[in-house]
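Below are the chains, spelled out letter by letter.
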Amino acid sequence: EVAGRRLLVDLIRQDEFQIYKGGLLLADGRLDFASGVRVSKSGQGQEVSAEVSLKHEEQAEVDLDGLTSFHVDQLWKISRFTEEPPAP
């Protein structure tokens, strides 16, 4: 409830990745987080690995040498708001 109004919020989950070289975005896209990100135990603790596929024609030719950051996100975003009618 906000300012006396009751709002319903629809959320959607977006799994995505971004690869940068400095401030330059080299590639980005959707990712199936459940199958693309893995956590495993090793003798030294835990390891996290992420695998993405650069399938699109424009991304297949991207030179990833010198990449500086690789982001993998599982985000909840607002899809829409609707106002619930007041109670009688």
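For the structure, check the block above.
Let me begin by describing the structure that accompanies this report. (Residues numbered from 1 in each chain as written. Predicted model: local features only at pLDDT ≥ 70, side-chain atom pairs only at ≥ 80, totals over all residues. Heavy atoms only, no water.)

Below, the discussion takes up the nonpolar core. Listed in full, the seven residues of the largest apolar core are Phe-17, Ile-19, Leu-26, Ala-27, Leu-31, Val-37 and Leu-54. Sorting the residues of this core by element identifies strand E1 (6-21) and strand E2 (24-30) as the ones contributing at least two each. If we ignore the near neighbours within four places in the chain, the residues touching Phe-17 are Ala-27, Asp-28, Gly-29, Arg-30, Leu-31, Val-52, Ser-53, Leu-54, Gln-59, Phe-70, His-71 and Val-72. (Core = buried A, V, L, I, M, F, W, Y, C linked by side-chain atoms within 4.5 Å. Buried < 20%, exposed > 50% of the residue type's maximum accessible area, 1.4 Å probe, protein only. Helix = DSSP H or I, 4+ residues; strand = E, 2+ residues; numbered from the N terminus. Contact = heavy atoms within 4.5 Å.)

Attention shifts here to the environment of Gln-14. Among the structural elements, Gln-14 can be located in strand E1. Of the residues examined, Gln-14 reaches a relative accessible area of 16% and is grouped as buried. On a C-alpha basis, the gap between Gln-14 and Asp-32 in space is 9.1 Å, while along the polypeptide they are 18 residues apart. Setting aside chain neighbours within four positions, we find Gln-14 in contact with Arg-30, Asp-73, Gln-74, Leu-75 and Lys-77. A polar side-chain atom of Gln-14 sits 3.4 Å from a polar atom in the side chain of Arg-30. (Polar contact = N/O pair within 3.5 Å; in protein donor to acceptor, adjacent residues only side chain to side chain.)

Right, let's get into the sheet that holds E1. Taken in spatial order, the three strands line up as E2-E1-E5 in an open sheet, and their pairing is antiparallel. Either end of the sheet is taken by a strand with one partner, and the two such strands are E2 and strand E5 (69-84). Between one strand axis and the next, the sheet turns by 35° as a mean value, whatever way the strands run. Bridging between E1 and E5 involves 15 bridges; their strand directions are antiparallel. Paired with Asp-10 across the two strands is Arg-80, which belongs to E5. (Pairing = 2+ DSSP bridges. Axes fitted to C-alpha atoms, helices over the stretch in contact; angles between N-to-C directions.)

All right, on to the pairing of strand E3 (residues 37-42) then. Looking at chain direction, E3 and strand E4 (residues 45-50) are connected through six bridges and run antiparallel. Within the sheet, the bridge partner assigned to Lys-41 lies in E4 and is Gln-46. Between the antiparallel neighbours E3 and E4 lie two residues.

The next thing to look at is the environment of Val-9. Note that Val-9 resides in strand E1. The class of Val-9 is partly exposed, set by a relative accessible area of 40%. Residue contacts for Val-9: discarding those within four places in its chain leaves Ile-78, Arg-80 and Phe-81.

Scope: geometric values only; no functional claims are made or implied.
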